Amino acid sequence: MKKLEAIIKPFKLEEVKEALAEIGIEGMTVSEVKGFGRQKGHTEIYRGSEYTVDFLPKLKIETVVADDQSAQAVETIAKAAKTGKIGDGKVFVLNVEEAIRIRTDEKGDEAV
Amino acid sequence: MRKLITGLLLAFAVFAWTGGSQIYAQDEASAAEEAAVAAEEMAEEGGGDATAGEEGSDDGSGGIDKADTAWIMAATALVLFMTIPGLSLFYGGLVRSKNVLSVLMHCFFITCVMTIFWLVCGYSLALTEGCPFIGGFDRVFLKGLDPNAGDGIPESLLFMFQMTFVIITPALIVGAFCERMKFSAVVAFSLIWALLVYVPVCHMVWGPGGWLLKMGVIDLAGGIVVHITAGVAALVLCIKVGPRSGHLKEKMAPHNLPMCVMGTGMLWVGWFGFNGGSDLGASPDGVMAMLVTQVSAATAAIVWTSIEWYKNGKPSVLGGVTGAIAGLAAITPASGEVGPVGAMCIGTVSGIVCWYFSVVLKNRFKYDDSLDVFGVHGVGGFVGTILVAVFAAEQFGGMKDASYAIGAQLGIQVLAAFGVAGYTLIISVALAIGIDKTIGLRVDENDEREGLDVADHGEQAYNS
């Protein structure tokens, strides 16, 4: 099994979720994160106090898929999340040792 | 801490006892007086009620005018609304979320403490006959007050309306020391400062026989009494308490700007009671005070917004609402004497000058007047107190007649403004040092990092 971690622009969530559902991947965990790569932040000014904000709001999508689906899933995410502009994000692929469905005690590929 | 509270309670008990014995001694003398007043009231009521649509009596002989009374009752509510929750929300939104409750608590508790203080001795020392610098003890605990007597409005209403001013003045200072001053120190400072600064200044400007009143100072609603005093005290405290940990290094942006905007709206609307009620009557003068208040606020907001638009490329909502407050503070002393165009000028000057103090000078000298109490209220009050001398003149659309001399009035205004500022400065410094040496002004570093809501009040504002 592989875990996919994708950092995407927040407004792309619906598109990515639907694209993954179309290839049969229907479970994921989403968290609100802050980060930057090469995209510059912005400046805020409150009554003369200036703050440079480097960290931009992003969404992190985590989903675990079977090995044979991994490549297709990565491609799907990347395609759905792309805008072509700087700050689109990244997808990382990690190995997963074990997965268990809590309700049914299923293990391995059955659990994802 | 417990010794301090026990000491204060003992002092209060002694004071109440001596005050009480004064009431007993005076009772016999005032009984005859009250009988005479009661007889007068009955005669007036007998004659007045029969006629429908009577004219209000305003001959200063002590008759109650219902229209004046109705408006000032409403104005009292409006001005109290300015503190709870107008100022509370304005300040609350500007601090970080870990400190929002502490700011709300400061404003709320000061409201309560000042109410009792005003009843016990504040009103008497401020607004009864005494000497030119302080009143007397005639109305301690409101003894001798006749609920049915007054000059236009019942004296009880004068008590209430003026009370809302003694409430908001120490509440204003909160913005300078927020996020780092101990709650106990806030209460102690506010109470003693109200007695030593607000009350004498109030007496000098508005009290019978007041030194500045007799000199002819113009301060309708408290440019000197409220804004200059609060502004100067704020500057003193923010320097003495010191800047917040991480000031100028860490981001300390407002946690809830919508709250600030809401608070500003409440302050602006409430200011109609603040300025519009300070004539103590429902009169065309009161209406004009409201009119110029509106004009000054709007003008100053436009000016501040324009400056930001030009300098930063983006006009901020915080700048807009702050500009409005600057205009409101500046028009406060002037609202009885200037016309609409004068109000535009005052709004313009206060927008520029308050912006300069709050944004340019504050960052140059790096003092942490966190919510710009000095920059907006102190400086705004100064601007209006000085400029009213010019714009009160009839050639500038003001209410004075041809015999009015700008130069002489300017001298009075400058003397009053700087004199009161100087007095406030000295007392505030002494008081700040005194409290720091006894109970300490500032929370410790850990408490400040955790947030005053948890450290001083044991609560979190936002529990999802």
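All figures in this text were calculated on a predicted structure; none of them were measured in a lab. (Residues numbered from 1 in each chain as written. Chains lettered and ligands numbered in written order. Predicted model: local features only at pLDDT ≥ 70, side-chain atom pairs only at ≥ 80, totals over all residues.)

(A) Highlighting the overall build of chain B. Helix and strand counts for chain B come out as 15 helices and 2 strands. For chain B, buried positions account for 50% of its 464 residues. Across chain B, contacts joining residues at least 24 apart in sequence account for 77% of those joining residues at least 6 apart. (Helix = DSSP H or I, 4+ residues; strand = E, 2+ residues; numbered from the N terminus. Buried ≥ 20, exposed ≤ 12 C-beta atoms within 10 Å, placed from the backbone. Contact = placed C-beta atoms within 7 Å.)

(B) Main features of the overall build of chain A. What chain A contains, in helices and strands, is 2 helices and 6 strands. Counting from the amino terminus, helix and strand elements in chain A follow one another as β-α-β-β-β-β-α-β. A compact globule built from 112 residues should have a C-alpha radius of gyration of about 13 Å, whereas chain A, at 17 Å, is more than 25% larger. Seen through its principal axes, chain A has C-alpha atoms that stretch 60 × 30 × 20 Å. Burial status across chain A gives 15% buried among its 112 residues. The long-range fraction of contacts in chain A, counting pairs at least 24 apart against all pairs at least 6 apart in sequence, stands at 72%. (Rg over C-alpha atoms; globule rule 2.2 N^0.38 Å.)

(C) A look at the pairing of strand β3 (residues 42–46) of chain A. All names here are of chain A. With 5 bridges connecting them, β3 and strand β4 (residues 49–53) associate as antiparallel partners. Each bridged residue has a counterpart across the sheet, and for His 42 the counterpart in β4 is Val 53. Between β3 and the antiparallel strand that follows it, β4, lie 2 residues; Arg 47 among them carries a positive phi value of about 45°. (Pairing = 2+ DSSP bridges.)

(D) Structural context of the nonpolar core. Counting residues in hydrophobic clusters, the biggest one holds 137 residues, and the most contacted among them are Tyr 91, Ala 234, Leu 237 and Ile 346 of chain B. For this core, the element with the most residues is helix α4 (residues 155–177) of chain B, which contributes 15 residues. Those residues within four positions of Ile 346 of chain B in sequence are excluded, and the remaining contacts are Ser 296, Ala 330, Ile 331, Ala 334, Val 338, Val 383, Gly 384, Leu 387 and Phe 391 of chain B. Formed by 11 residues, the second largest nonpolar core is a distinct cluster that contains Leu 4, Leu 20, Ile 61 and Val 65 of chain A. (Core = buried A, V, L, I, M, F, W, Y, C linked by C-beta atoms within 7 Å.)

(E) Broad picture of unusual backbone geometry. Residue and element names in this part refer to chain B. Backbone torsion omega between Ile 84 and Pro 85 reads 10°, so that peptide bond is classified as cis. Secondary-structure assignment places Pro 85 in helix α2 (residues 66–94). The backbone phi angle of Leu 142 is positive, close to 60°, even though this residue is not glycine. By secondary structure assignment, the location of Leu 142 is in the loop between α3 (100–127) and β1 (150–151). In the Ramachandran plot, Lys 366 falls in the positive-phi region, its phi being about 60° despite a non-glycine side chain. Within the secondary structure, Lys 366 is located in the loop between α11 (340–365) and α12 (373–391).

(F) Main features of the interface of chain A and chain B. Between chain A and chain B, the residue contacts involve 6 residues of the former and 13 residues of the latter. The element that contributes the greatest number of residues to the side of chain A that touches chain B is β3 of chain A, accounting for 3 residues. Grouping the amino acids of the side of chain A that touches chain B by side-chain chemistry returns 3 nonpolar, 1 polar and 2 charged. (Nonpolar A, V, L, I, M, F, W, Y, C, P; charged D, E, K, R; others polar.)

(G) Quick look at the sheet that holds strand β6 (residues 89–95) of chain A. Residues and elements named next belong to chain A. Across the sheet, 4 strands lie side by side as β2-β5-β1-β6; this open sheet has antiparallel pairing. Lying at the two open borders of the sheet, with one neighbouring strand each, are β2 (29–35) and β6. Each neighbouring strand pair of the sheet contributes to a mean axis angle of 20°, computed without reference to strand direction. Direction of pairing for strand β1 (residues 2–8) relative to β6: antiparallel, over a ladder of 7 bridges. The residue bridging Ile 8 from the neighbouring strand is Gly 89, located in β6. (Axes fitted to C-alpha atoms, helices over the stretch in contact; angles between N-to-C directions.)

(H) Structural detail: the packing of helix α9 (residues 284–312) of chain B against helix α10 (residues 317–331) of chain B. Residue and element names in this part refer to chain B. At a closest axis distance of 7 Å, the pairing of α9 and α10 adopts a crossing angle of 140°. Relative to α10, the element α9 is oriented oblique. When you trace α9 past α10, the crossing you get is right-handed. For the pair α9 and α10, contact is made by Val 292, Thr 293, Ser 296, Ala 297, Thr 299, Ala 300, Ala 301, Val 303, Trp 304, Thr 305 and Glu 308 and by Gly 319, Gly 320, Thr 322, Gly 323, Ala 324, Ala 326, Gly 327, Leu 328, Ala 330 and Ile 331, respectively. Residues of the contact of α9 with α10, tallied by class, amount to 11 nonpolar, 9 polar and 1 charged. (Parallel < 35°, antiparallel > 145°, perpendicular 65-115°, else oblique. Left-handed = near helix turned anticlockwise from the far one by under 90°.)

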